[in-house]
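Spelled out, the chains give:
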Amino acid sequence: MKRQLLFLAAGAVALLASCTGSEPGASAGGMRTIEMTIGALTRGVYVSEGDTRVSYDDLAALWEEDDVIMVGFADAAGRTYGPFEFRASQAGAVSDFTGSVTVGEETTVLTKIYAYYYGSGVTGVNAVEAGTTEFTLPAGFAFRPSLARLDVNMTGLAAGETVQSVTVGLDGYTFYDGGTVDFAGTAEPVFSAADVNAAVRVLPGVSASGDPAGYMVGIVPLDLGGRSARMDVTVITRSGQSGKRYTASFAATELAAATRYTVKMDVASLQSEEVTYIEDGTLDAINNDKDGYFILTDDMTLDAMPNITDFGGTLDGDGHTIDMGTVGSVSSEQAGIFATTTGDATIVNLNVKVESLEGDASEGGLIVGKVKDGTLTLDNVHASGSITATRYGDSNHMFGGGLVGFVPMGAVLEAANCSFTGSVSTNMTALIDANAYNCYVGGIVGALETGVDSFEKNTDYAGSEAGAASSIVNCRVFDAALVNTWRGGTSIGGGIAVRSEFYTGGIAGRCTGRIENCSVENTHLTGVVDTDGAGRQAKPVVGNDWYEYTFNENNSYTNVTVNGGEARTGLYRGAGAAGTDRPDYSDIQ
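Each chain has its residues counted from 1, running along the sequence as written. Two thresholds apply to this predicted model, a pLDDT of at least 70 for residue-level local features and 80 or more for giving and counting side-chain atom pairs, whereas whole-chain, interface and lining totals are computed over all residues. Based on all heavy atoms of the structure, the side-chain values leave hydrogens and waters out of the count.

Student: Give me the lowdown on the overall build of the protein, citing residues and values where you can.
Tutor: Along the backbone of the protein there are two helices and 49 strands. Per-residue burial for the protein yields a buried fraction of 54% across its 589 residues. Contacts are assigned to residue pairs with any non-hydrogen atoms lying within 4.5 Å of each other. A sequence separation of at least 24 residues applies to 73% of the contacts in the protein between residues at least 6 apart. For the protein, the computed accessible surface area is about 22,400 Å², with 47% contributed by carbon and sulfur atoms. Helix and strand definitions follow DSSP, with helices as H or I runs of at least four residues and strands as E runs of at least two, each counted in order from the N terminus. The cut-offs for exposure are 20% and 50% of the maximum accessible area for each residue type, with area from a 1.4 Å probe on protein chains only; residues under the lower value are buried, those over the upper are exposed, and the others partly exposed. Using a 1.4 Å probe, the Shrake-Rupley method yields the accessible areas, and only the shown protein chains count as cover for residues.

Structural data, given as structure tokens:
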């Protein structure tokens, strides 16, 4: 599995070190963003504007006035406090830092200080009064880097060709997104993170010149176990409405803390792929090259669902929004901006919203209707709106999701850092009551069946690891209503064969893939339900327990109701992760 560290335009997340000036690592502008994750659930993003930096001179940290660091404290009793924002009072290798500290209801003596740049062995720290107190770190307190530094230097850009992004991927390893800094009494920061792609952004606009264009990033150190790993560096450029995508490979043998590494690329010597920048307010260019690489340059408004079929390329929304307003109705077996994808399709950094969409479809989502084969990758994709669907033609199923409708056995979905808010409403009807009519509804995906070709229902739980190739990680469904009814009701009544299935879940109606670090908040589920084994369930995270991935972990639900019942809040884990013989919904009262 290859995970990637992405350098793009403004709006950075993760651990970024950028600098101003002419040395390698220079970038236009000077906005710096650092995202710190402290503990398991707290996240903050902090920004310095202007010509500020967190940089290196060799391996020493240099400060500029008003640079921001995030600081945590520990006291003699082992209690931890923070993080708190502190600002540098002067430039240079050593600076005083001042900020406000809240220590709770008791006066305490602080004994340890941790930060993005950190030190230990603190002495001379006076007692800190209870409540919020203006506090100055010990004079001359020195911080040393705790991250690996990676420089990417480029030559060979053509006249007028500007760098838009630099992506670094390490085969078989994960560049951590932000990371977790553990302040719980350790002598050194302890980093951990979810298995998601990092996204580190620097300002674009480095033009070709006699000097190499350079980018610098601070990353959480990685232990490569003494082996050599392939590092792919991909550069995307722009010249007018088109651009190029260059990739070079290097051998990485270590990425250690407080160590500087450099890769050099002569893009003129590399093969390239064409990149198209979409500026005309339509997606017509994608229909003309379904395996191409596309980047949006602005928001766009569409008056109809595009329903592009067999997309196998890359669409980078670059943070822009596709607004479909009230697009009316659509009638298609598969429905979405992309009705179907095939091969390796990637959609990233995109927002999609629709006020209302009605239609007939067997498999539908705002982003993709059906992943026919290959792998669909979604990263930082967010959708909102109201979707109402009825059965397409004489189809015997409906799979509806906020983002994706259906991922069959031979296909894979990798979704990270995505969200849905709004409503998905299906109402199954039948021509002949004796037939099986199946309907799955979820906030992220309707039905994901990677790795499993036969689903046998019975009263005994049957977990599985067969779908591990697919994953839904760090995704969120909030302020949503998910409706999955039979002829407008939550009971199938008489005359319908027991093999009819209705599954409704906050994240997925059915999912055989891994679900981790996801949340469902303020969401109401309305669906056909029956006793376990009957194939009709509505649950806060995954509607269908049978063949769910047994090691699903660290998923939460808050204020979720099922068929108007009492609001539920708690955690969901698979049977293997929970150490039980059934999936674990641990309601917190």
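Once you've had a look at it, read on.
Student: Go over the sheet that holds strand S29 (residues 338-341), please, and point to the residues and values.
Tutor: If you trace the five strands from one edge of the open sheet to the other, you get S29-S32-S35-S39-S43, paired in parallel fashion. This sheet does not close on itself; its edge strands, each paired only once, are S29 and strand S43 (508-511). On average, each strand axis in the sheet is tilted by 10° relative to the strand beside it, whichever way the strands run. Any two strands with at least two DSSP bridges between them are considered paired. Pairing analysis gives three bridges linking S29 to strand S32 (residues 368-371), with the strands arranged parallel. Pairing of Phe-338 across the sheet is with Val-368, part of S32. Angles shown run from 0 to 180 degrees and are taken between the N-to-C directions of axes, each axis being a line fitted to C-alpha atoms and, for helices, limited to the stretch in contact.

Student: Could you give me a rundown of unusual backbone geometry, with the residues and numbers involved?
Tutor: Positive phi, close to 60°, is recorded for Asn-554, a residue that is not glycine. Tracing the backbone through its elements, the reader meets Asn-554 in the loop between strand S46 (536-539) and strand S47 (555-562). One non-glycine residue, Asn-559, lies in positive phi territory at about 55°. Secondary-structure assignment places Asn-559 in strand S47.

Student: Would you mind going over the packing of aromatic side chains in detail, with residue names and values included?
Tutor: For any pair of aromatic rings, the description rests on two quantities: the centre-to-centre distance and the angle between the ring planes. Side-chain rings of Phe, Tyr and Trp, where Trp is taken by its six-membered ring, are said to pair if the distance between their centres is within 6.5 Å; with planes under 30 degrees apart they count as stacked, over 60 as edge-to-face, and otherwise as tilted. Tallied over the full model, the rule gives nine aromatic pairs. With centroids separated by 4.8 Å and ring planes inclined at 5°, the aromatic side chains of Phe-399 and Tyr-440 adopt a geometry described as stacked. In this pair, Phe-399 is assigned in strand S34 (residues 397-401) and Tyr-440 in strand S38 (residues 438-442), connecting sequence segments 41 residues apart. Tyr-440 matches Phe-399 in its accessibility class, with the two residues each being buried. Grouping aromatic residues by their ring pairs yields a cluster made of Phe-399, Phe-406, Tyr-440 and Tyr-503. Lying over the aromatic face of Tyr-277, Arg-238 brings its terminal NZ or CZ to 4.5 Å of the ring centre. The rule is short: NZ of Lys or CZ of Arg within 6 Å of the ring centre and within 35 degrees of the ring normal puts a charge over the ring. For the cation-ring pair, Arg-510 lies above Phe-455, with the distance from its terminal atom to the ring centre recorded as 3.7 Å.

Student: Before we move on, could you go through the side chain of Thr-340 and cite the residues and values that matter?
Tutor: Along the chain, Thr-340 falls in strand S29. Since its relative accessible area comes to 5%, Thr-340 is described here as buried. Throughout this description, a polar contact denotes any pair of N or O atoms lying within 3.5 Å of each other; where both atoms belong to protein, one of them has to be capable of donating a hydrogen while the other can accept it, and for residues adjacent in sequence the pair is counted only when both atoms sit in side chains. Looking at Thr-340, its side chain comes within polar contact range of the main-chain nitrogen of Asp-310, at 2.7 Å. Setting aside chain neighbours within four positions, we find Thr-340 in contact with Ile-308, Thr-309, Asp-310, Phe-311, Gln-334, Lys-370 and Lys-372.

Student: Could you give me a rundown of empty space enclosed by the protein, with the residues and numbers involved?
Tutor: Site definitions follow a grid-based scheme: protein atoms alone, a 1 Å grid, a 1.4 Å probe that fits but cannot get out for cavities, and for pockets an open set with protein on both sides within 12 Å along at least five of seven lines, plus lining residues having an atom within 4 Å of a point. Grid points are joined across faces, edges and corners, and a volume is the space filled by probe spheres set on the points. Throughout the structure, instances matching the rule amount to five cavities of 30 Å³ or more. Taken together, the elements giving at least two residues each to the lining of the largest cavity come down to strand S30 (344-360), strand S31 (363-364), strand S33 (374-390), S34 and strand S37 (419-428). Classes in brief: Ala, Val, Leu, Ile, Met, Phe, Trp, Tyr, Cys and Pro nonpolar; Asp, Glu, Lys and Arg charged; the others, Gly included, polar. Here the residues of the lining of the largest cavity sort into 11 nonpolar, nine polar and three charged.

Student: Could you give me a rundown of the environment of Ser-269, with the residues and numbers involved?
Tutor: Considering the arrangement of structural elements, one finds Ser-269 in the loop between strand S21 (260-266) and strand S22 (272-278). Ser-269 sits in the exposed class, given a relative accessible area of 55%. A distance of 2.7 Å separates the side chain of Ser-269 from the backbone oxygen of Asp-266, its partner in a polar contact.

Student: Let's hear about the state of the cysteines: which residues, and what values?
Tutor: The disulfide definition used here is simple: a pair of cysteine sulfur atoms within 2.5 Å. By the definition in use, this model includes zero disulfides. Looking at the unpaired Cys-418, the closest cysteine sulfur is the one in Cys-475, lying at 4.5 Å. Relative accessible area serves as the criterion here: at 2%, Cys-418 is assigned to the buried category. Distance from the sulfur of Cys-511, which forms no disulfide, to the nearest cysteine sulfur (Cys-518) is 9.0 Å.

Student: Which residues make up the sheet that holds S46, and what values go with them?
Tutor: An order of S28-S31-S34-S38-S42-S46 is seen for the six strands of this open sheet, with the pairing classed as parallel. The sheet is open, and its two borders are formed by strand S28 (334-335) and S46, each paired with just one other strand. Judged from the two bridges that link them, S28 and S31 form a sheet pairing that is parallel. In the strand pairing of S31, Ala-335 is matched with Gly-364.

Student: Explain the pattern of salt bridges residue by residue, including any values.
Tutor: We count a salt bridge whenever a side-chain nitrogen from Lys or Arg sits within 4 Å of a carboxyl oxygen from Asp or Glu. Enumeration over the complete set of coordinates arrives at 14 salt bridges. Across the pair Lys-244 and Glu-274 runs a salt bridge whose closest N-O atoms are separated by 2.9 Å. Here Glu-274 lies in strand S22 and Lys-244 lies in strand S20 (residues 242-252), a separation of 30 residues in the sequence. Taking relative accessible area as the criterion, Lys-244 reaches 28% and is therefore assigned partly exposed. Glu-274 gets classed as partly exposed once you look at its relative accessible area, which sits at 48%. Linking Asp-530 and Arg-536 is a salt bridge whose minimum nitrogen-to-oxygen distance equals 3.1 Å.

Student: Would you mind going over the confidence of the model for the protein in detail, with residue names and values included?
Tutor: One rule of thumb: low pLDDT means the predicted coordinates there are not for detailed reading. Each residue carries a pLDDT score, the predictor's own confidence in it, on a scale running from 0 to 100. When the pLDDT values of the protein are averaged, the result is 75; 68% of them are 70 or greater. For the stretch residues 1-61, pLDDT sits under 50, and the model shows 217 contacts to residues farther than four places along the chain or on other chains.

Student: Just give me the short version of the nonpolar core, but keep the residues and values in it.
Tutor: Take the buried residues of types Ala, Val, Leu, Ile, Met, Phe, Trp, Tyr and Cys, join any two whose side-chain atoms come within 4.5 Å, and each joined set is a nonpolar core. If you look at the biggest cluster of nonpolar residues, it comprises 75 residues, and the most contacted ones within it are Leu-378 and Ile-472. The element that contributes the greatest number of residues to this core is S30, accounting for six residues. Discounting residues that sit within four places of it in the chain, Ile-472 has contacts with Leu-413, Ala-415, Ile-444, Val-445, Leu-448, Ile-507, Cys-511, Arg-514, Ile-515, Glu-516 and Cys-518. Of all hydrophobic cores here, the second largest spans 22 residues; its members include Leu-157, Leu-224, Leu-255 and Val-267.

Student: Can you lay out the environment of Ala-158 for me, pointing to particular residues and giving the numbers?
Tutor: The residue Ala-158 is located in the loop between strand S12 (148-155) and strand S13 (162-171) in this model. Overall, Ala-158 belongs to the partly exposed group, its relative accessible area being 39%. Sequence separation between Ala-158 and Ala-268 is 110 residues, and the spatial gap between their C-alpha atoms is 8.0 Å.

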